[in-house]
Amino acid sequence: MKKLIKADLNKVLELTATYQPIDRDSLKAELEILEQSRYNDYLFLARKDRFRLMPLSEVYTAGSDANGFLTLFEVQTRWPVLALTLHVEYMESGIHRGSVILMDYPELVRDVVLFERLPDTQREGHIKQLITRCVRYAPQCTMVDLIEYLKTGR
């Protein structure tokens, strides 16, 4: 797990289309979710031509569409699975800025399975702790590291 700080979150997501076979028009529709910015924490999952931007709290909710989408990629190993956690920290001139955390997909799935059945307050507390730990303690990465992750999933 690594983090890129003070990043333009829209531009990072647009960059995924450069290194993965993602339809740019469909990606623009997903970026509208970030524009609405009802949440501070999102998960962007992508593998080959499938991708989705979801509020992190929905990913941790058992039985939700976002939770099902997370586990959809578990059995498919041919293409790398990109898992980017986006933490919106502030807006500057209409641009969402924050931290991008490069996640290890199998580790994320294990974490979700472990905590998805908790009551809402405990689950939300875990998500806040997870984001706090990532933002504070994950080693920083460079744009080169981010690009390598977008190419390989590692």
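Keep in mind that this is a model prediction, so the values were computed, not measured.

The rules we used
Position numbers for residues count from 1 along each chain, tracking the sequence in the order it is written. For this predicted model, a pLDDT threshold of at least 70 governs which residues receive local features, and a threshold of 80 or more governs which side-chain atom pairs are given and counted, while totals over whole chains, interfaces and linings are taken from all residues. Values reported for side chains reflect all heavy atoms of the structure, with hydrogen atoms and water molecules removed beforehand. Comment: elements are numbered from the N terminus, with helices defined as DSSP H or I runs of at least four residues and strands as E runs of at least two. In what follows, a contact means two residues having at least one pair of non-hydrogen atoms within 4.5 Å. pLDDT gives the predictor's per-residue confidence on a scale running from 0 to 100. Stacked, tilted and edge-to-face are the three classes applied to pairs of Phe, Tyr and Trp rings, where Trp contributes its six-membered ring and a pair requires centres within 6.5 Å; stacked means planes under 30 degrees apart, edge-to-face means over 60, and tilted covers the rest. Remark: exposure states derive from per-residue accessible area (1.4 Å probe, protein chains only) relative to the maximum for the residue type, with buried under 20%, exposed over 50%, and partly exposed in between. Over a ring means this: the NZ of a Lys or the CZ of an Arg is within 6 Å of the ring centre and within 35 degrees of the ring normal. One bridge is not enough; two strands pair if DSSP finds at least two bridges between them. Angles run from 0 to 180 degrees between N-to-C directions of axes, and those axes are lines fitted to C-alpha atoms, restricted for helices to the stretch in contact. Throughout, the term roughly parallel applies to angles under 35 degrees, roughly antiparallel to angles over 145, roughly perpendicular to angles from 65 to 115, and oblique to all others. If you view the pair so one helix is near and one far, a crossing is left-handed when the near helix is turned anticlockwise from the far one by less than a right angle, and right-handed when it is turned clockwise. The salt bridge criterion pairs a side-chain nitrogen of Lys or Arg with a carboxyl oxygen of Asp or Glu, the two atoms within 4 Å.

**Structural notes on the environment of Leu-4**
Step number 1: One can find Leu-4 in strand E1 (residues 2-8).
Step number 2: Separated by 46 residues in sequence, Leu-4 and Arg-50 have C-alpha atoms that sit 23 Å apart.
Step number 3: Apart from the residues lying within four places of it in its own chain, the contact partners of Leu-4 are Val-12, Gly-98, Ser-99, Val-100, Cys-141, Thr-142, Met-143 and Leu-146.

**Describing the side chain of Arg-97**
Step number 1: By the element assignment, Arg-97 lies in strand E5 (residues 95-102).
Step number 2: What Arg-97 contacts, discounting residues up to four positions off in sequence, is Lys-6, Ala-7, Asp-8, Leu-9, His-87, Val-88, Glu-89, Tyr-90 and Glu-92.

**Regarding the confidence of the model for the protein chain**
Step number 1: Averaged over all residues, the pLDDT of the protein chain equals 90, while 98% of them reach at least 70.
Step number 2: Per-element confidence in the protein chain is highest for helix H6 (residues 120-137), whose mean pLDDT is 95, and lowest for helix H2 (residues 24-36), whose mean pLDDT is 85.

**Examining the packing of aromatic side chains**
Here a ring pair, both rings aromatic, is described through the centre-centre distance and the interplanar angle of the planes.
Step number 1: Using the criterion set out here, one finds one aromatic pair in the structure.
Step number 2: Ring plane angle 40° and centroid distance 6.2 Å describe the contact between Phe-44 and Phe-51, whose orientation is recorded as tilted.
Step number 3: Look at Phe-44 and you get buried, because its relative accessible area is 0%.
Step number 4: The ring centre of Phe-69 lies 5.7 Å from the NZ or CZ of Arg-52, which sits over that ring.

**Points about the sheet that holds E1**
Step number 1: The sheet built from five strands is open, its strands ordered E1-E5-E4-E2-E3 with antiparallel pairing. Only two strands of the sheet have a single neighbouring strand rather than two, namely E1 and strand E3 (50-55). Neighbour-to-neighbour, the strand axes of this sheet turn through a mean angle of 20°, independent of strand direction.
Step number 2: Bridge count for E1 against E5 is five bridges, and the pairing is antiparallel. Counted as the bridge partner of Lys-3 is Ile-101 from E5.

**Topic: the packing of helix H4 (residues 65-72) against helix H5 (residues 105-115)**
The relative placement of two packed helices is expressed as an angle between their axes plus a distance between the axes.
Step number 1: Between H4 and H5, the shortest axis-to-axis distance is 10 Å and the interhelical angle comes to 140°. Relative to H5, the element H4 is oriented oblique. The two elements H4 and H5 meet at a crossing, and its hand is left-handed. In this structure, H4 uses Asn-67, Leu-70 and Thr-71 to contact H5, whose residues at the interface are Tyr-105, Leu-108, Val-109 and Val-112.

**Overview of the pattern of salt bridges**
A side chain with one charge may pair with a side chain of the opposite charge, provided their charged atoms come close.
Step number 1: Under the definition given, this model contains three salt bridges.
Step number 2: With a closest N to O distance of 3.4 Å, Arg-97 and Glu-92 form a salt bridge.
Step number 3: One salt bridge in this structure joins Arg-123 and Asp-120, with 2.5 Å as the shortest N-O distance. Of the two residues, Arg-123 and Asp-120 are both situated in helix H6; the distance of three residues between them amounts to about one turn of the helix.

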